[in-house]
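# Summary of the model geometry
So you can see what is in the structure, the chains are spelled out below.
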Amino acid sequence: MIVNFILNRQPKRYDVDFDETLLETLRKDDVTSVKKGCDASSCGTCTVLIDGKPILACSELTVRVAGKNVITVEGIREEVEKISHYFGLEGADQCGFCNPAMALTIYSLKQSLKNPSSDDIKKYLVGNLCRCSGYQAQFKAIKRYLGDPL
Amino acid sequence: MKIVKHEISSIDGKGIMLGHKAYTDDFAERNSLIIKVLRSPHAFARIKKINVEEARKLPGVELVLTHHDVPRKPFTRAGQGYPEPSPHDKFVLDEYVRYVGDEVAAVAAIDEKTAQKALELIEVEYKVLEPVLDFEKALNHQSIIHPEEDIHEMFPIGFKPEINQAASYHMEVKDAEAVLKTCDVVVEETFYTQAQAHAMMEPHTVNARLDVQDRLVLYASTQTPFHVRRIISQALDVPISRIRVIKPRVGGGFGGKQGLHGEMLVSLVTLRTRKPSKLVYSRKEVFESSYTRHPMRINVKIGSTKEGKLQAIDCHILSDTGAYGEHALTVFMVAGSKVLPMYNKVDAVRFHGEVVYTNKTSAGAYRGYGAIQGNFAVESTIDILAHKLKIDPIELRQMNMIAENETSPIFEIMGEGTEGTAMNMDTCKLDYCVERGKTLIGWNEKYPRVDVGNDKIRSVGMAIAMQGSGIPYIDMGAATLKLNDDGFYNLTIGATDIGQGSDTILAQIAAEVLMTTVDKIVVYSSDTDLTPFDTGAYASSTTYISGNAVYKAGLKMLEALNLAASKALKVTAESIEFDGVTFTSPDSKNPITLSQLSNRLYYNEDQEQLTTTGSYFGTKSPPPFMAGFIEIEIDSETAEIEILNYVSVVDCGTPINPKLAQGQVEGGIIQGLGMAHFEDVKYSKKGQLISNDWLTYKIPTSLDIKKLTTEFAESYEKSGPYGAKSVGEIGIDTPPAALANAVYNALGVRITELPITPEKIFNKLHQKS
C-alpha cells in the first residue's frame with residue numbers, strides 16, 4: 001500500500017506492506033542513521049522523531065506514520081554537529097551505534113525540558129542503551145550542549 | 001608531546017552521529033539474499049532425518065543448507081592466531097545439535113518473509129539425547145557431548161572429549177599444599193561467576209558478494225578480519241587469495257566479535273548461488289546463539305603468617321565452555337596469569353583445573369576474560385583474610401602486592417595456551433593507584449561503614465587488578481604510511497577499531513612521530529586486501545602492539561623524508577633538520593617545505609612514492625594496573641544497593657588520548673558493575689537460555705550509576721609507544737570483588753556467587769540470623 005509522509009522536510013512516498021515497520025522502510029531507503037539493535041523495542045537505537053517526539057521506529061508501523069513529520073539526524077544536521085562536537089570534546093564517542101538515536105533524544109530533550117537537572121537528563125535518556133561508555137562522558141557532553149544556545 | 005597525551009576528538013565520531021554509512025549492514029547489497037538459520041529446540045539431540053524438499057520448492061528460496069550439504073572439516077570459531085589453542089570441534093553444520101539455539105539448517109531467500117516461511121517448512125526428526133546442563137556434573141557424564149571422531153586439538157591442551165573435557169591445566173611453584181600446612185592462618189572459599197552476555201548494541205552482522213575478479217568479498221562486524229579470512233579458507237577449502245574481508249565500523253565487540261558467527265554460512269551461500277547475501281543476527285540469536293562469558297567455580301585457599309605476609313595461594317577452577325571449546329584453555333589460564341602475579345611474594349602457588357563441555361550456549365572471549373573471574377575470587381579472599389587477621393584490607397594488599405622492578409615466576413610459566421614469558425615490572429604504579437584511590441573515595445572516613453539512618457548504611461570496598469598488553473611472541477600488528485602530494489599521509493593499519501577509538505589513537509601516534517596534526521593523517525584500517533596484517537582487537541593489544549608498529553613506520557618515514565629532502569637540497573641526509581613542516585640544513589640556504597618536497601616527488605624531479613611499513617610483536621606484555629574503589633548505600637532491610645561512586649586509578653603508562661582512555665576504563669567499570677550486581681544469563685530446566693532480550697537481561701542504563709571518578713597514574717612504559725601500555729580491559733576486572741567487599745563491610749555477609757543481588761544478600765542475612 002502507498003504511504004505518504006514528510007521525512008526530514010521532504011515529502012516521501014513509499015509502497016509498503018501493511019505490517020512493515022518504519023525502521024524497515026527507512027533502512028530500505030538507505031537512511032542508515034536509523035539502526036536495528038534489537039527486536040523488542042528496548043534498545044533505543046532506532047529512535048526517530050515523529051511530530052517532534054522520540055519514537056522507536058521498530059515498533060511503529062509505516063502505515064501509521066501517514067501524513068506525519070518524521071525527523072532523523074539527517075534532518076537536523078546543524079544541531080547534530082553541535083552535539084557531536086561536545087561528544088568529541090568529552091570522549092563520549094565509542095562504537096557510535098547508539099549515537100544517532102542518542103542525538104535525536106538529546107535534541108528532543110533540549111526542545112522539551114527547560115533547565116533539566118542531572119536526574120531529568122538521566123531519566124530522559126534511560127531508553128537509549130549504550131554498552132560502551134558508562135554514560136558519564138555523554139552526560140558531560142549533553143550538559144555542555146544544553147548550555148549552547150539553540 | 002604535542003599530540004599524544006592530548007584530548008583529541010575521535011576522527012569518525014561526527015560522521016557516525018550524522019548517520020553516514022559506517023556499519024556492516026549499511027554496506028550490504030540492496031538485493032542481498034536474506035539468510036535465516038533454523039536453530040535447535042533441544043539442548044542435545046542427533047538429527048535422524050531432515051527433509052527440506054518443501055522449503056526448497058518455495059518460490060523465492062535460492063538455497064537450503066543442512067549438514068548433508070556443507071564441507072565436513074572441523075574448525076574453531078574462536079578467531080585466534082594459528083595454530084589455535086582452542087579445539088577444532090565445530091562444523092559449519094553437523095548432525096548433532098549441542099545447545100538450544102545451535103544451527104540445524106540455513107535458508108537463503110529473496111526476502112525475510114520467504115526465508116522465514118522456508119524455515120517453517122523444514123521437517124526435522126530428532127533423537128533427543130540427555131543433555132549435560134550442570135557443569136559440575138559434566139566430567140565423566142554418561143552423555144558425551146562430542147562423540148565425533150574427526151575433531152582434534154592443535155597441540156596438547158588437555159582435550160579429552162570422551163569425558164567432556166575441552167581442556168585442562170596444572171601449574172605449581174613449589175609445594176603449595178605443604179606450605180599451606182605451615183601457615184598461621186589459612187582461609188578458603190569457593191566462588192561462582194556467571195555467564196555474562198556481551199550485549200553489544202550492533203548484532204553480529206555479515207554480508208558477501210563476488211567482486212569483478214569473482215573473488216568473495218565479505219563485510220563483517222568482526223574484531224579479527226585476518227583470522228576470519230584464514231578460517232573461512234581452511235574450513236570451506238577456498239584459496240585464501242580468493243577471499244577479502246573488510247571490517248567497517250563495528251558497533252561494539254567486547255570479545256564477542258573475536259569469534260566467527262555468520263561468516264561461514266554467508267560465504268557458502270554467496271559462493272554457491274553467486275549472489276550477494278547477508279545475515280544479521282536477531283537480538284535473540286545474539287543472546288542464545290553467539291557467546292557468553294565462561295561461568296566458573298573457583299576454589300581459593302590463601303595462607304599467611306599472623307602478621308599478614310602471604311605465603312601460599314592454591315586455586316582450583318572448573319570452567320564451563322558450553323557446547324564448543326572456544327577459548328576454553330586461554331580464558332582458564334588468564335584467571336591465574338592475570339591475577340596471581342599481583343601477590344608475587346608468596347612462597348608457593350598452585351593453579352589447576354578443568355574446562356568442561358555442557359549443552360549450553362558456547363562461552364567465548366569476553367573483555368577481561370578469566371581475569372574478572374579470578375579477580376573476584378582472589379580479591380574477595382584477600383578481604384576475608386584481612387578480616388580474619390584484623391588488618392585493614394588495603395594494608396594487607398600494600399604489604400603483599402607487586403611493585404615496580406619486581407617480577408613473578410608466573411609470568412614465565414603461564415602464557416595464553418602456552419608457556420609464558422619472563423618479565424620485570426618496568427612500570428607498576430599500583431602503590432600510587434591504591435593510595436590515590438584511598439584518598440579519592442575517602443576510605444579513612446568511610447571504612448568499613450557509616451550508618452546514615454533510615455536503615456541505610458554506606459560502605460566502601462576495593463580491589464586491585466592487572467591485565468596485559470597483548471600476547472608476547474604471538475600478537476603482531478603492522479602499519480603502512482604513505483606520503484601524498486601536498487604533504488599529507490595515509491596510515492593503513494590492520495588494527496581493528498571496534499569502537500575503542502584505535503583509529504584515532506593510532507593516528508595520534510603517527511602525527512606525533514611525524515610532527516604533524518591528526519588531520520594530516522588519513523586512516524584506513526582492517527581490510528585484508530588493502531591494509532597490512534594485524535592479529536586483531538583482543539588481549540588488550542592494539543595500543544601497545546599496533547601502536548608500536550605505527551611508531552616504527554613513522555620513524556622509517558622520517559628517514560625516507562630526510563633522504564628525499566637531502567636530494568632536493570643537495571646536502572647529506574645527516575645534515576637535514578625537519579620540524580614536521582620544513583626541511584633545513586646548515587649546508588643549504590634554501591629550506592624546502594614538506595608540501596614542496598611532496599609535490600616535487602610526485603610531479604617534478606626524482607619522482608618516487610614514499611611508503612614505509614612498520615611491524616611489531618611483543619617480547620613482553622607489560623601489565624596495566626589499577627585500584628578500584630566502590631562506595632555503596634545499602635538498605636539493611638531490603639538489601640537494595642545504590643552505587644554512589646566508583647573510583648578508578650589506573651596505570652596504563654601514557655594514556656595516548658586521556659579522554660578515550662577514560663572512556664575505556666569507565667565503559668569497563670560499568671560492564672563489570674553489571675556483572676557484579678545484576679546481569680544474569682538464565683536457563684530453563686531444559687537448557688534454554690531464557691534471558692534472551694533486553695527486557696529479561698538487564699544491562700546498566702543511564703540511571704544505574706551516580707558517579708564515576710577516573711584518574712591515571714603518571715607512568716611511562718619504555719617499551720610502549722610514547723610510554724603507553726594497553727587499557728581496553730583493565731577497567732572491567734575490579735567491580736565484582738569491590739562490590740562483594742563493600743557488601744561485607746556494610747552488613748557482614750559474604751556473597752560468593754555473582755551477581756550480587758539484593759535477594760542473595762537478604763537470604764544470607766536471614767540465614768545468618
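Whatever comes next refers back to the structure up there.
In this report, the structure presented in the accompanying data block is examined. Model, not experiment: these values are computed from the prediction. Positions within a chain are numbered from 1, following the residues in the order the chain's sequence is written. Naming scheme: in the order in which they are written, chains are lettered from A and ligands are numbered from 1. For this predicted model, a pLDDT threshold of at least 70 governs which residues receive local features, and a threshold of 80 or more governs which side-chain atom pairs are given and counted, while totals over whole chains, interfaces and linings are taken from all residues. Hydrogens and waters are ignored; side-chain quantities use all the structure's heavy atoms.

### Some thoughts on the packing of aromatic side chains
Heads up, the rule is: Each pair of aromatic rings taken from Phe, Tyr and Trp, with Trp reduced to its six-membered ring, is defined by centres within 6.5 Å and is described as stacked if the planes are under 30 degrees apart, edge-to-face if over 60, and tilted in the remaining cases. Working definition: helices are DSSP H or I runs of at least four residues, strands are E runs of at least two. Numbering for both runs from the N terminus. Only protein chains enter the accessibility calculation, which uses a 1.4 Å probe; a residue whose area is less than 20% of its type maximum is buried, one above 50% is exposed, and one in between is partly exposed. Charge-over-ring contacts are defined here by two conditions on Lys NZ or Arg CZ: a distance within 6 Å of the ring centre and an angle within 35 degrees of the ring normal.
Taken as a whole and assessed by the stated rule, the structure comprises 17 aromatic pairs over all chains. Look at F27 of chain B and Y219 of chain B: their rings are 5.0 Å apart centre to centre, the planes differ by 10°, and that puts the pair in the stacked class. Here F27 of chain B is found in the loop between α1 (13-17) and β1 (33-39), whereas its partner Y219 of chain B is found in strand β10 (residues 216-220), with 192 residues between them in sequence. Assessed through its relative accessible area of 25%, F27 of chain B is described here as partly exposed. Look at Y219 of chain B and you get buried, because its relative accessible area is 18%. Taken together through their ring pairs, the aromatic side chains of Y169, F332 and F351 of chain B make up a single cluster. One residue, K110 of chain A, lies across the ring of Y145 of chain A, its end atom 4.2 Å from the ring centre. A cation over a ring is seen here: K90 of chain B above Y324 of chain B, with NZ or CZ 5.2 Å from the ring centre.

### A closer look at the nonpolar core
Residue and element names in this part refer to chain B. What counts, and what does not: We call a set of buried Ala, Val, Leu, Ile, Met, Phe, Trp, Tyr and Cys residues a nonpolar core when their side-chain atoms join them within 4.5 Å. Residues count as neighbours in contact if any of their non-hydrogen atoms are within 4.5 Å of one another.
With 199 residues, the main nonpolar core has F351, V743 and I761 as its most contacted residues. If we skip the residues at most four places from it in the chain, V743 touches I632, I634, I641, G748, V749, I751, I756 and I761. I505, V523, I592 and L601 belong to the second-largest nonpolar core, a separate cluster that totals 47 residues.

### What about helix α2 (residues 77-90) of chain A?
All names here are of chain A. Our working rule: Multiply 1.5 Å by the residue count of a helix minus one, and that product is the helix's expected span.
With 14 residues, α2 extends 20 Å from end C-alpha to end C-alpha; this agrees with the ideal 20 Å at 1.5 Å per step. Inspection of α2 places E79, V80, I83, S84, Y86, F87, G88 and E90 among the buried residues, and these make up the whole buried set. G91 lies just past α2 and shows a positive phi near 65°.

### Concerning the pairing of strand β1 (residues 2-7) of chain A
All names here are of chain A. Threshold: Strands qualify as paired when DSSP identifies two bridges or more between them.
Side chains V3, F5 and L7 of β1 all project onto a buried face; the interleaved residues I2, N4 and I6 project onto a face where none is buried. Bridge count between β1 and strand β2 (residues 10-15): 6 bridges; the pairing is antiparallel. What sits directly across from I2, in β2, is D15. Hairpin remark: β1 followed by β2, antiparallel, with 2 residues in the connecting loop; positive phi at N8, about 50°.

### Digging into the interface of chain A and chain B
Rules: A simple way to read buried area is as the amount of 1.4 Å-probe accessible surface that goes missing from two parts once joined, with both sides added. When a carboxyl oxygen of Asp or Glu lies within 4 Å of a side-chain nitrogen of Lys or Arg, that pair is called a salt bridge. In this classification, the charged set is Asp, Glu, Lys and Arg, the nonpolar set is Ala, Val, Leu, Ile, Met, Phe, Trp, Tyr, Cys and Pro, and all remaining amino acids, among them Gly, are polar.
In this assembly, 52 residues from chain A lie in contact with 57 residues from chain B. Interface of chain A and chain B: buried area, both sides summed, is about 4300 Å²; carbon and sulfur atoms make up 54% of it. Linking chain A with chain B are 8 salt bridges, by the criterion used here. Close ionic contact of K113 of chain B with D19 of chain A constitutes a salt bridge, the shortest N to O distance being 2.9 Å. Among the secondary structure elements, those contributing two or more residues to the side of chain A that touches chain B are α1 (22-28), α2, α3 (99-112), α4 (118-124) and α5 (136-146) of chain A. Counting residues per element, the side of chain A that touches chain B draws most heavily on α2 of chain A, which supplies 9 residues. Class assignment of the residues belonging to the side of chain A that touches chain B gives a composition of 20 nonpolar, 14 polar and 18 charged.

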